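Next come the chains, spelled out residue by residue.
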Amino acid sequence: DAKTTQPPSMDCAEGRAANLPCNHSTISGNEYVYWYRQIHSQGPQYIIHGLKNNETNEMASLIITEDRKSSTLILPHATLRDTAVYYCIVRVLPNFGNEKLTFGTGTRLTIIP
Amino acid sequence: NAGVTQTPKFRVLKTGQSMTLLCAQDMNHEYMYWYRQDPGMGLRLIHYSVGEGTTAKGEVPDGYNVSRLKKQNFLLGLESAAPSQTSVYFCASSRALRAEKLFFGSGTQLSVL
């Protein structure tokens, strides 16, 4: 699976959009981009994933560049409960017999009141 | 509606003691995983299983053993605990094949003195 690079930390004002970048310049054509988050002392939580088109769900939007070398997770109206570590990972889907993920160190997002 | 359940939530061991961490999922998922999380290192895969009766090594398997005798359970064993195994352990599961997301348990905090 391709490696990802994320800034170690970011701040965002409550009510504003939080934009979290991720670089995955070595991504291959069949690798998806996934985002998870981990709120303090809890297990990671799935947010969203995509291949090459932009995606939106009830939690967030995912914007993937045309060359797929980077992406941005957007939390449209950040709340204090969005304070967490956000992980960007890439993986092949499906990946028969090799369903394993590598989580990097992520971005610690702090929402400021 | 339990999802992924880990027991125990906390444990303190002395060096050389053994213990087993239990992970149970009620979603009929084929794939199960054990991760450890240490400060500044993200989540690292220890072992995983692609189905009942099968297991495979992840990134950091040394010092751990696993078993998947029943589809719903994935056990992580430490035969002779070492201080380096002090960590937070997370279990996760996913559906086979088109597994879009991992479901994580709430974690086990293990301290080895």
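Nothing here was measured: the structure is a model prediction, and the numbers come from that model.

Participant: Please set out the environment of Met 32 of chain B residue by residue, giving values where relevant.
Facilitator: Here Met 32 of chain B shows up in strand 4 (residues 31-37). Those residues in contact with Met 32 of chain B that lie beyond four places of it in its chain are Cys 23, Gln 25, Tyr 48, Ser 49, Arg 68, Lys 71, Gln 72, Asn 73, Phe 74, Cys 91, Ala 92 and Ser 93 of chain B.

Participant: Any chance you could break down the state of the cysteines for me, citing the residues and the numbers?
Facilitator: Residue and element names in this part refer to chain A. Scanning the model with the defined rule gives two disulfides over all chains in all. Across the disulfide, Cys 22 is cross-linked to Cys 88 (sulfur-sulfur distance 2.1 Å). Between Cys 22 and Cys 88, the S-S dihedral sits near -80°, and the bridge is therefore left-handed. Note that Cys 22 is positioned in strand 2 (residues 18-23) and Cys 88 in strand 8 (residues 84-92), a separation of 66 residues in sequence.

Participant: Describe the pattern of salt bridges, and please don't skip the residues or the numbers.
Facilitator: Within this structure, the stated rule accounts for four salt bridges over all chains. A salt bridge links Arg 37 of chain A to Asp 82 of chain A; the shortest N-O distance between them is 2.8 Å. Here Arg 37 of chain A, found in strand 3 (residues 31-38), pairs with Asp 82 of chain A, found in the loop between strand 7 (70-75) and strand 8; they are 45 residues apart in sequence, far enough to count as distant. Across this residue pair, the class does not change: Arg 37 of chain A and Asp 82 of chain A are buried. Notably, a salt bridge pairs Arg 44 of chain B with Asp 38 of chain B, separated by 2.8 Å at the nearest N-O pair. When salt bridges that share partners are traced, they join Arg 36, Asp 38 and Arg 44 of chain B into one network.

Participant: Account for the sheet that holds strand 3 (residues 19-25) of chain B, with residues named and values stated.
Facilitator: All names here are of chain B. Overall, antiparallel pairing links the four strands, which are arranged 1-3-8-7 in an open sheet. The sheet terminates laterally at strand 1 (4-7) and strand 7 (65-67), the two strands that pair on one side only. Strand-to-strand, the axes of this sheet are offset by a mean angle of 20°, without reference to chain direction.

Participant: Summarise the pairing of strand 8 (residues 73-78) of chain B; cite the residues concerned and give the values.
Facilitator: Residue and element names in this part refer to chain B. Of all six residues making up strand 8, five are buried, and the element is well covered by its neighbours. Examined bridge by bridge, strand 3 and strand 8 share six bridges and lie antiparallel to one another. Across the sheet, Cys 23 pairs through a bridge with Phe 74, a residue of strand 8. As judged from the three bridges shared by strand 7 and strand 8, these two strands associate in the antiparallel manner. Bridge assignment links Val 66 to a residue of strand 8, and that residue is Leu 76.

Procedures and definitions
Residues numbered from 1 in each chain as written. Chains lettered and ligands numbered in written order. Predicted model: local features only at pLDDT ≥ 70, side-chain atom pairs only at ≥ 80, totals over all residues. Heavy atoms only, no water. Helix = DSSP H or I, 4+ residues; strand = E, 2+ residues; numbered from the N terminus. Contact = heavy atoms within 4.5 Å. Disulfide = S-S within 2.5 Å. Salt bridge = Lys/Arg side-chain N within 4 Å of Asp/Glu carboxyl O. Buried < 20%, exposed > 50% of the residue type's maximum accessible area, 1.4 Å probe, protein only. Pairing = 2+ DSSP bridges. Axes fitted to C-alpha atoms, helices over the stretch in contact; angles between N-to-C directions.

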